[in-house]
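Next come the chains, spelled out residue by residue.
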Amino acid sequence: MKSVYLKNCLLLAGIVLLSFLVFLTSLTFVIRNQTIADKRAGLEANATAVVDMYNSFIDFDPNQPIYQENVKRLVSIVTLPVNRMVIADENGIIVACSEHLHTCPVLGGELSEELRAQLYTAASYSALDTIPALLDGLSYIFAMRIVCDIDGSHAGYVLAASSADLVMRAWGDMISIFLIVAAFVLFLAILIAMLVARHQAAPLREMSAAANKFARGDYSTRVRDVGREDEIGELTVAFNAMAASIERSEHMRREFVGNVSHELKTPMTSITGFAEGILDGTIPPEKQQEYLGIVASETKRLSRLVRRMLEVSRLQSMDIRELQKQSFDMTELLRRGVLGLESKITAKGLDVEMDLPEDPVEVLGDEDSIMQVTYNLLDNAAKFSHPGTKIGISLVQQGVKAHITIKSTGDTVSQEELPLIFNRFHKSDKSRSHDKDGVGLGLYIVKTIMNTHQEDIYIRSENGVTEVWFTLTLAPKKKK
């Protein structure tokens, strides 16, 4: 499989090569057209000059000796930048040549009927063509009729030609040089591209190696962050953040397995021990009822643990889009929560101060889940409050959010413990002494519900006052 940097190199090489080909084609086309245009202009100027001179001193009676003398004189003064220029009479017979009359190979030759017919139709003729009567090989040609200025009669033809061999060789040399330069530039571009692409692909190779280590169970690997501010740098930061998250998740998974094993081990050991003691007669009959009661209590604890774990799984699978379609009155839900715990609150002699709006406060979310959050928080507040103290409940609307606060007075939660209080199976030593029936999932369920609703929950504990507050999104007001 080709690597990313090799693919980039090949792509860049293809782009550079295509650019050179397009440039070479365009340059050749432009130079060719410009050369033809320049040659035509030069040949036309020379031919026009000859026609003007011809009209100025040629006696147009070919039977007079002066005619031939004047033609010779005209030919002798032609010193133009052309390979060959000829003058033909009205019948198309070449009578004069820019070379000496005795050495001109085309003297006495005849122009083709097609060329003469074309010059009668048009004032002039120009082309990059081959005319054996002028030069061998491909030539730039310009031809025009000689018209007498006196009576406008047809007097002959003048043709100027310049060989294209020199230009063709120049083009060949130019293309050769261009190809050599293009090959060098292409090689240099590929070399630079390979170095740059290899440098860019280095973090990707590190990520691949790290991913392979993750697959083998090593979650401590990280990709070096060299401070790049491009997409690769962003990918490196995101990869390391993902790796840290995976490592935390794996740590939490192992901790969860350990906690579950611990929570299950204690009641299972008790149940097994007491059951075996009853069966083998180690426990006397008069105490069997007492120990069967312990077995029943531990069985119920196991049932609560399994039920709570299933509840956590259900909450984590809830769809936020479905939750945002539901709304309910939060003030009424808080009042129901207090009424549900009235017996526990009264038993500890607690006072409840409720600061709630008189009008309903509609919020978005699953009412049963938020009721569970409220019940768990109020139950904890009542459970860990000192007897005779107060529980404060308030609801405040701020922007698009409703802020709910539950305040209680009891033992201060240490600052080291606060970040762990929403973890699975977390129970402080003090809470264990007061909460023998708990399984350590209550506040974790609360946190899970708030995360599912994409809402926030915080806790603060100072000087014996513990304050928990959470947010809910206000429902849009219904149009009347």
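Residues numbered from 1 in each chain as written. Predicted model: local features only at pLDDT ≥ 70, side-chain atom pairs only at ≥ 80, totals over all residues. Heavy atoms only, no water.

A. Structural detail: the sheet that holds strand 4 (residues 139-147). Across the sheet, five strands lie side by side as 2-1-5-4-3; this open sheet has antiparallel pairing. The sheet terminates laterally at strand 2 (94-97) and strand 3 (124-129), the two strands that pair on one side only. Here the strands of the sheet are splayed against their neighbours by 20° on average, with no regard to which way each runs. Bridge analysis of strand 1 (residues 84-88) against strand 2 gives three bridges, and the strand direction is antiparallel. Residue Val86 lies in a different strand from strand 2, and its bridge partner there is Cys97. Sheet strands touched by helix 3 (residues 113-121): strand 3, strand 4 and strand 5 (154-163). Its angle to strand 5, the strand with the most contacts, is close to 110°. (Pairing = 2+ DSSP bridges. Helix = DSSP H or I, 4+ residues; strand = E, 2+ residues; numbered from the N terminus. Axes fitted to C-alpha atoms, helices over the stretch in contact; angles between N-to-C directions. Contact = heavy atoms within 4.5 Å.)

B. Spotlight on the layout of surface pockets. In this model, the second largest pocket occupies a volume close to 250 Å³. Each residue belonging to the lining of the second largest pocket can be placed in one class, and the counts come to five nonpolar, two polar and three charged. (1 Å grid on protein atoms, 1.4 Å probe; cavity = no way out; pocket = protein on both sides within 12 Å on 5 of 7 lines; lining within 4 Å. Points joined across faces, edges and corners; volume = space filled by probe spheres on them. Nonpolar A, V, L, I, M, F, W, Y, C, P; charged D, E, K, R; others polar.)

C. Geometry of the packing of helix 10 (residues 367-384) against helix 12 (residues 442-452). Viewed as axis vectors pointing N to C, helix 10 and helix 12 meet at an angle of 145°, and their least axial separation amounts to 9 Å. Between helix 10 and helix 12 the crossing geometry is left-handed. Contacts between helix 10 and helix 12 involve Ser369, Ile370, Gln372, Val373, Asn376, Leu377 and Asn380 from the former and Gly442, Leu443, Ile445, Val446, Ile449 and Met450 from the latter. Classifying every residue of the contact of helix 10 with helix 12 gives eight nonpolar, five polar and no charged. (Left-handed = near helix turned anticlockwise from the far one by under 90°.)

D. The arrangement of the side chain of Thr374 in detail. Structurally, the position occupied by Thr374 is in helix 10. Discounting chain neighbours no more than four positions away, the residues touching Thr374 are Met330, Leu333, Leu334 and Phe470.

E. The pattern of salt bridges, seen in detail. Within this structure, the stated rule accounts for seven salt bridges. The closest approach of N and O atoms between Glu455 and Lys401, which form a salt bridge, is 2.9 Å. Placement of Glu455 in the loop between helix 12 and strand 11 (457-462) and of Lys401 in strand 10 (residues 401-409) is noted, with a sequence separation of 54 residues between them. Here the residues in one salt-bridge network are Lys344, Asp379 and Lys383, joined through shared partners. (Salt bridge = Lys/Arg side-chain N within 4 Å of Asp/Glu carboxyl O.)

F. Spatial organisation of the pairing of strand 12 (residues 465-473). Here nine bridges tie strand 10 to strand 12, and the two strands are oriented antiparallel to one another. Each residue of the ladder has a partner; that of His403, found in strand 12, is Thr471. As paired elements, strand 11 and strand 12 share six bridges and run antiparallel to each other. Paired with Arg460 across the strands is Glu467, a residue of strand 12.

G. The arrangement of the nonpolar core in detail. One finds Met330, Leu377 and Phe470 to be the most contacted residues of the largest nonpolar core, which totals 39 residues. Elements supplying a minimum of two residues to this core: helix 8 (330-340), helix 10, strand 9 (390-398), strand 10, helix 12, strand 11 and strand 12. Considering every element that reaches this core, the biggest residue donor is helix 10, with seven residues. For Phe470, the residues in contact, after removing those within four places along its chain, are Met330, Val373, Thr374, Leu377, Ala402, His403, Ile404, Met450, Asp456 and Ile457. If you look at the next biggest cluster of nonpolar residues, it comprises 16 residues, including Ala88, Ile131, Ile141 and Ala161. (Core = buried A, V, L, I, M, F, W, Y, C linked by side-chain atoms within 4.5 Å. Buried < 20%, exposed > 50% of the residue type's maximum accessible area, 1.4 Å probe, protein only.)

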